[in-house]
Amino acid sequence: MTAAPDIPPAFTLVALDSVDSTNDEAKRRAKAGAEDGTLIWAKEQTAGRGRGGRPWVSPRGNLYCSVLARPDCTLSEAAQLGFAACLGVGAALGSVVPPLTALNYKWPNDVLLNGMKAAGILLETSSKPDGGLDWLIIGVGINLASHPDDTAFPATSLAAVGAGGIEVAELLEIFCRQFQTWVNRWLDEGFQPLQRAWIIRAKGIGEPIEARLGDGTTVAGVFEGLDERGALLLKTDDGATRTIDSGEVFFATGGG
Ligand code: BTN
C-alpha cells in the first residue's frame, strides 16, 4: 500500500507524522473554521488523551485519528455519532480479525476483542453562543501493533489476536468507509438501527454491572440496554430503571 490512504470523499485528510493529540489538532482547526469532515491522522501522539482525563499512550504502529463534524443537530444527538464511530471500528476490526475472535462493545464506545479493549473513542464538543452545536470531534484510537499492559481494564491489539498483518493506513481506509456507512444510516433512519446493532454485541447486557458516575459515586444494577439517545439503562434493586448519560461501566466478572 502507498503512504497516502484512499479515503472516501466525505473526508478531507490531514496526515501528520507526529502531533500532541489528533483531537487537539482537530480542535485547533475547528476553532479556525475547518470544515465538516476534516480528518486528522497522525502516526504517533505525544500527548494522546483518553476518556476521564486518562492518558492514551500512542506509539507508532497504532491508529490515531479524529474526525471534525458539524452536524445540524443538538449536542445530545451529536453524541450518537460516537456509536456510529464505534460500529465503524467494530466493522473494520471484524473484517480483519481471525473468524472466531469475539468482538463486543463496552458502553459507551469501547471495542473489545476476546473481552479486552482494542479501541476507544473520545468525543469532545463545543457549542455556539445560542447553545446549538458548533462542532463535535470524534477521536478514535485503535491498537494494531501494541497495547498497554497496565490498564485497569485489560487491553489487547490486532497483533495480539493474530491480525498483525494489516497496515495502519489500510485500517484507516476501512474504518472511514464503515463509519461513513453508519453516519449515513443515522442521517436517513435516526439512532434506532445503530442502537440495535450496538446492543447485539454489547458486553454485559442483561447482567449485573456497576456504573461509576462523573461525581465518583457508583450505581449497581442490571444492564438493560440503551435508551433512544444512547444513554445506558440500569435496573436497580428497587426495581427502578436509572438512565446514565455518562460514566464508566464495570462488569461483575472480567474487570472494569
Ligand atoms: C478511551 O479512553 O477509550 C478513548 C481513547 C481515545 C484515543 C484517541 S487516539 C486519537 C484521539 N486523540 C486523542 O488524544 N485521543 C483520541
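These lines cover the structure that appears in this document, whether it is placed above or below. No experiment lies behind these values; they were computed from the predicted model shown. (Residues numbered from 1 in each chain as written. Predicted model: local features only at pLDDT ≥ 70, side-chain atom pairs only at ≥ 80, totals over all residues. Heavy atoms only, no water.)

A look at the overall build of the protein
The condition that has to hold: Put simply, DSSP marks the helices as runs of H or I at least four residues long and the strands as runs of E at least two long, and each gets a number from the N terminus on. Both definitions apply: the radius of gyration is a C-alpha atom measure, and the globule rule equals 2.2 Å times residues to the power 0.38. Throughout, the Shrake-Rupley method with a 1.4 Å probe supplies accessible areas, and for residues the shown protein chains are the sole cover considered. Positive charges come from Lys and Arg, negative ones from Asp and Glu, while His and the chain ends are left out of the count. Charge positions come from single atoms, namely NZ of Lys, CZ of Arg, CG of Asp or CD of Glu.
From N to C terminus, the protein includes five helices and twelve strands. By the compact-globule yardstick of 18 Å for 256 residues, the protein fits well, its C-alpha radius of gyration being 17 Å. With the C-alpha coordinates of the protein rotated into their principal frame, the extents come out at 55 × 50 × 35 Å. Within the structure as shown, the protein displays about 11500 Å² of accessible surface, and the carbon and sulfur contribution to it stands at 50%. Between the mean site of the 22 positive side-chain charges and the mean site of the 31 negative ones, the protein shows a separation of 1 Å.

A closer look at the site of the ligand
Here is the rule: The cutoff for a nearby residue is simple: one of its non-hydrogen atoms must lie within 4 Å of the molecule or strand. Any N or O atom pair separated by 3.5 Å or less is treated as a polar contact, with the protein-specific requirement of one donor-capable and one acceptor-capable atom, and with residues adjacent in sequence counted only for side-chain atom pairs.
Near the ligand, the surroundings consist of 20 residues, among which S21, Q45, R49, R51 and K117 are the closest. Between the ligand and the protein, one listed contact pairs an oxygen atom with a side-chain N or O atom of S21 at 2.8 Å. R51 is positioned such that a nitrogen or oxygen atom in its backbone is 2.7 Å from an oxygen atom of the ligand. Contact with the protein chains hides 99% of the accessible area of the ligand, taken as 420 Å² for the molecule alone. Those elements that provide at least two residues to the shell around the ligand are α1 (22-31), β3 (63-69), β6 (116-127) and β7 (133-142). It is β6 that contributes the most residues to the shell around the ligand, four residues altogether.

Notes on the environment of K106
Basically, it comes down to this: We call a residue buried when its accessible area falls under 20% of the maximum for its residue type, exposed when it is over 50%, and partly exposed in between, using a 1.4 Å probe and counting protein chains only.
Following the sequence through the fold, K106 ends up in strand β4 (residues 103-106). Owing to a relative accessible area of 2%, K106 belongs among the buried residues under this scheme. Spatially, the C-alpha atoms of K106 and C86 are 9.7 Å apart, while their sequence positions differ by 20 residues. Polar side-chain contacts of K106 include one of 3.2 Å to the backbone oxygen of V249.

Section: the state of the cysteines
In protein structure, a disulfide is the covalent linkage between the sulfur atoms of two cysteines. The condition that has to hold: Only a pair of cysteine sulfur atoms within 2.5 Å qualifies as a disulfide here.
Enumeration according to the criterion identifies zero disulfides in this entry. With no disulfide partner, C73 has as its closest neighbouring cysteine sulfur the one in C86, 18 Å distant. C86 takes part in no disulfide bond, and the closest cysteine sulfur to it belongs to C65, at a distance of 13 Å.

Considering helix α4 (residues 168-189)
Note the following rule: Each helix should span, by expectation, one fewer than its residue count multiplied by 1.5 Å.
When the terminal C-alpha atoms of α4 are compared, their 31 Å separation across 22 residues agrees well with the 32 Å that a helix rising 1.5 Å per residue should span. One or two positions beyond α4, positive phi appears at G190, with a value near 85°.

A look at the pattern of salt bridges
Applicable threshold: Just to be clear on terms, a salt bridge is a Lys or Arg side-chain nitrogen sitting within 4 Å of an Asp or Glu carboxyl oxygen.
Within this structure, the stated rule accounts for 16 salt bridges. E25 is the salt-bridge partner of R28, the closest N and O atoms lying 2.8 Å from each other. Of this pair, R28 and E25 both sit in helix α1, three residues apart, roughly one helical turn. On the accessibility criterion, R28 (41% relative accessible area) is partly exposed. Across the pair E124 and R49 runs a salt bridge, and its minimum N-O distance is 3.0 Å. With E124 in strand β6 and R49 in the loop between β2 (38-45) and β3, this residue pair connects regions lying 75 residues apart in the sequence. By relative accessible area, E124 is classed as buried at 15%.

A look at the layout of surface pockets
How we decide: Residues are called lining when one of their atoms sits within 4 Å of a cavity or pocket point, these points coming from a 1 Å grid over the protein atoms alone, where a cavity is a set in which a 1.4 Å probe fits but cannot get out and a pocket is an open set with protein on both sides within 12 Å along at least five of seven lines. Grid points are joined across faces, edges and corners, and a volume is the space filled by probe spheres set on the points. Classification convention: Asp, Glu, Lys, Arg as charged; Ala, Val, Leu, Ile, Met, Phe, Trp, Tyr, Cys, Pro as nonpolar; all other residues, Gly among them, as polar.
Empty space within the second largest pocket amounts to approximately 260 Å³. Forming the boundary of the second largest pocket are 18 residues, of which D36, A69, L81, V183 and L187 lie nearest the centre. Going through the elements one at a time, β3 and α4 are the ones with two or more residues in the lining of the second largest pocket. Ranked by residues supplied to the lining of the second largest pocket, first place goes to α4 with five residues. Taken together, the residues of the lining of the second largest pocket break down into 13 nonpolar, two polar and three charged.

Overview of the nonpolar core
Heads up, the condition is: For our purposes a nonpolar core is just a set of buried Ala, Val, Leu, Ile, Met, Phe, Trp, Tyr and Cys residues, chained together by side-chain atoms within 4.5 Å. Contacts are assigned to residue pairs with any non-hydrogen atoms lying within 4.5 Å of each other.
Membership of the largest hydrophobic core comes to 67 residues, with the highest contact counts inside it found for L93 and W198. With eleven residues, α4 is the single largest residue contributor to this core. When residues no more than four places from it in sequence are discounted, the contact partners of W198 are F83, C86, L87, Y105, K106, W107, P108, F223 and L226.

Brief notes about unusual backbone geometry
At the junction of W107 and P108, the peptide bond is cis and its omega measures out at 0° in the coordinates. Turning to its location among the elements, P108 is positioned in the loop between β4 and β5 (110-113). Even without a glycine there, the phi angle at N114 is positive, about 50°. Structurally, N114 is set in the loop between β5 and β6.

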